[in-house]
Protein chains: 2
Amino acid sequence: MKLTEAQWQIMNALWQNWPATARQIADRLGDEVDWAYTTIKTMLTRLVNKKCVKETKKGNTAVYEPLLTRQNARQNALKSLANQAFDGAFGPLMHFLIEDQKLSDKQKKELLQTLEQGGERN
Amino acid sequence: MKLTEAQWQIMNALWQNWPATARQIADRLGDEVDWAYTTIKTMLTRLVNKKCVKETKKGNTAVYEPLLTRQNARQNALKSLANQAFDGAFGPLMHFLIEDQKLSDKQKKELLQTLEQGGERN
DNA sequence: GAGTTGCTTTTACATTTGTAGAAGATTAGA
DNA sequence: TCTAATCTTCTACAAATGTAAAAGCAACTC
């Protein structure tokens, strides 16, 4: 279930709003990338094969919708990053983010808040 | 500079302690993976080509050391994850981690501490 | 000095990814 | 109904990745 760079872009475009046709996705991606329409089609097909996307037909035209949720994709990505690069735990990852990514004070404050909220919710 | 899964494993083994020979790396990886020695050699060579690792000769034997630091690799990985999956910012990433990864109370407490410390240091 | 051991370099080959052209089917317009 | 615009499916091909066997060279061991 690991997505490649290109696949993330497609998925991001799809998550933005779906169901969507290949053309719509192509349009959404228009600014960011410079892919031929068929390239996008191919990638969609491959994502369908990987069960990340579902394809249905509306007449002649294929309509796509995500099977993999953004949530899930993010979770997987983070998990695999944690595994590969941070000894499998989120702790060190977060630690690294906080210590080394030089959060702005504002960001830190927000984080603190999030943390406290989270504490109450659980 | 993006590392693949397999490359992370090699690099992790190398970061553990270096300079190291291919054999040493193979031994360290022994538990985790089941690769032929030559596979490891090949991967090291490829990492050398990508300038992630430096190779020097000690007699007949190649000795490897990282050129890419773990720090840097982590940074790159996080950055690219943030870009792909979190609209390019660390904020949302962290948010996601905290909100959706269900940190244990202990983890949360640690985090709070880290945050406060960080605050003082900066 | 012949064999075993261990390293190195070379070569190979399947799969996945990035990228897309070509050709065929369909639909919307003139 | 002929045509232009779109879609779709098929096919292609290079680069990267995963995985390693083969063959060659050096060194230790009898």
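Owing to the predicted nature of the structure, the values given are computational and were not obtained by experimental measurement.

Details of the overall build of chain A
Then comes step 1: A tally of helices and strands in chain A yields 6 helices and 3 strands.
Then comes step 2: For 122 residues, the compact-globule estimate of 2.2 N^0.38 gives 14 Å, and the C-alpha radius of gyration of chain A, at 18 Å, exceeds that figure by more than 25%.
Then comes step 3: C-alpha extents for chain A along the principal axes are approximately 50 × 30 × 30 Å.
Then comes step 4: The long-range fraction of contacts in chain A, counting pairs at least 24 apart against all pairs at least 6 apart in sequence, stands at 45%.
Then comes step 5: Roughly 7,000 Å² of accessible area belongs to chain A as shown, and the carbon and sulfur atoms make up 47% of that amount.
Then comes step 6: Mean positive and mean negative side-chain charge positions of chain A (18 and 14 charges, respectively) differ by 9 Å.

Some points on the protein's contact with DNA strand D
Then comes step 1: Around DNA strand D sit 17 residues, and of these Arg23, Tyr37 and Ala62 of chain A together with Thr42 and Arg46 of chain B come closest.
Then comes step 2: Here a phosphate oxygen of DNA strand D sits 3.4 Å away from a polar atom, N or O, in the side chain of lysine 41 of chain A.
Then comes step 3: One of the side-chain nitrogen or oxygen atoms of lysine 57 of chain A is found 3.4 Å away from a phosphate oxygen of DNA strand D.
Then comes step 4: When residues of the surface near DNA strand D are traced back to their parent elements, those giving at least two are α3 (37–49) and β3 (61–66) of chain A together with α3 (37–49) of chain B.
Then comes step 5: When residues in the surface near DNA strand D are grouped by element, the largest group, 4 residues, is from α3 of chain B.
Then comes step 6: Within the surface near DNA strand D, the residues separate by chemical class into 5 nonpolar, 7 polar and 5 charged.

What about the protein's contact with DNA strand C?
Then comes step 1: Around DNA strand C, the surrounding shell holds 17 residues, and the nearest of these are Thr42 and Arg46 of chain A together with Arg23, Tyr37 and Ala62 of chain B.
Then comes step 2: Among atoms of DNA strand C positioned within 4 Å of the protein, sugar and phosphate together represent 57%.
Then comes step 3: Arginine 23 of chain B is positioned with one of its side-chain polar atoms (N or O) 2.6 Å from a phosphate oxygen of DNA strand C.
Then comes step 4: At a separation of 3.4 Å, a phosphate oxygen of DNA strand C approaches a polar side-chain atom of lysine 57 of chain B.
Then comes step 5: For the surface near DNA strand C, the secondary-structure elements that each account for two or more residues are α3 of chain A together with α3 and β3 (61–66) of chain B.
Then comes step 6: Looking at the surface near DNA strand C element by element, the count peaks at 4 residues for α3 of chain A.
Then comes step 7: For the surface near DNA strand C, the class distribution of residues is 5 nonpolar, 8 polar and 4 charged.

Re unusual backbone geometry
Then comes step 1: Going from tryptophan 18 of chain A to proline 19 of chain A, the amide bond is cis rather than trans, its omega being -5 degrees.
Then comes step 2: Locating proline 19 of chain A in the fold gives a position in the loop between α1 (5–16) and β1 (20–21).

A look at the packing of helix α2 (residues 22–29) of chain A against α3 of chain A
All names here are of chain A.
Then comes step 1: Viewed as axis vectors pointing N to C, α2 and α3 meet at an angle of 115 degrees, and their least axial separation amounts to 10 Å. Here the hand of the crossing between α2 and α3 comes out right-handed. Contacts between α2 and α3 involve Ala22, Arg23, Ile25, Ala26 and Leu29 on the former and, on the latter, Tyr37, Ile40, Lys41 and Leu44.
Then comes step 2: In the contact of α2 with α3, the residues fall into 7 nonpolar, no polar and 2 charged.

With respect to the domain arrangement of chain A
Then comes step 1: Taken as a whole, chain A is organised into domain 1 (5–66) and domain 2 (89–122).
Then comes step 2: Here the C-alpha centroids of domain 1 of chain A and domain 2 of chain A sit 34 Å apart.

What to know about the relation of the copies chain B and chain A
Then comes step 1: In the superposition of chain B on chain A (RMSD 0.1 Å, axial shift 0.0 Å), the rotation amounts to 180 degrees. Those values place the two copies in the arrangement expected of a two-fold rotation axis.
Then comes step 2: A shared binding surface is used by both copies, with 100% of the interface residues of chain B retained as interface residues in chain A.

Remarks on the interface of chain B and chain A
Then comes step 1: Residue-level contacts link 37 residues of chain B with 37 residues of chain A.
Then comes step 2: Roughly 3,800 Å² of surface becomes buried between chain B and chain A when both sides are summed, with 65% attributable to carbon and sulfur atoms.
Then comes step 3: In terms of surface lost to chain A, no three residues of chain B exceed Gln84, Met94 and Leu115 of chain B, which account for 17% of the buried area on that side.
Then comes step 4: Across the chain B-chain A interface, the total number found is 3 salt bridges.
Then comes step 5: A salt bridge links aspartate 87 of chain B to arginine 70 of chain A; the nearest nitrogen and oxygen atoms lie 3.5 Å apart.
Then comes step 6: Where chain B packs against chain A, one counts 4 residue pairs in polar contact (both at pLDDT 80 or more).
Then comes step 7: Secondary structure elements with two or more residues in the side of chain B that touches chain A: α1 (5–16), α4 (70–85), α5 (90–100) and α6 (105–121) of chain B.

Each value, and the rule that gives it
- Residues numbered from 1 in each chain as written.
- Chains lettered and ligands numbered in written order.
- Predicted model: local features only at pLDDT ≥ 70, side-chain atom pairs only at ≥ 80, totals over all residues.
- Heavy atoms only, no water.
- Helix = DSSP H or I, 4+ residues; strand = E, 2+ residues; numbered from the N terminus.
- Rg over C-alpha atoms; globule rule 2.2 N^0.38 Å.
- Contact = heavy atoms within 4.5 Å.
- Areas by Shrake-Rupley, 256 points an atom, 1.4 Å probe, with all protein chains shown as cover.
- Lys, Arg positive; Asp, Glu negative; His and termini not counted.
- Charge placed at Lys NZ, Arg CZ, Asp CG, Glu CD.
- Near = heavy atom within 4 Å.
- Polar contact = N/O pair within 3.5 Å; in protein donor to acceptor, adjacent residues only side chain to side chain.
- Nonpolar A, V, L, I, M, F, W, Y, C, P; charged D, E, K, R; others polar.
- Axes fitted to C-alpha atoms, helices over the stretch in contact; angles between N-to-C directions.
- Left-handed = near helix turned anticlockwise from the far one by under 90°.
- Domains from an automatic or database assignment.
- Least-squares fit on C-alpha atoms with pLDDT ≥ 70 in both.
- Buried area = accessible area lost by both parts, 1.4 Å probe.
- Salt bridge = Lys/Arg side-chain N within 4 Å of Asp/Glu carboxyl O.

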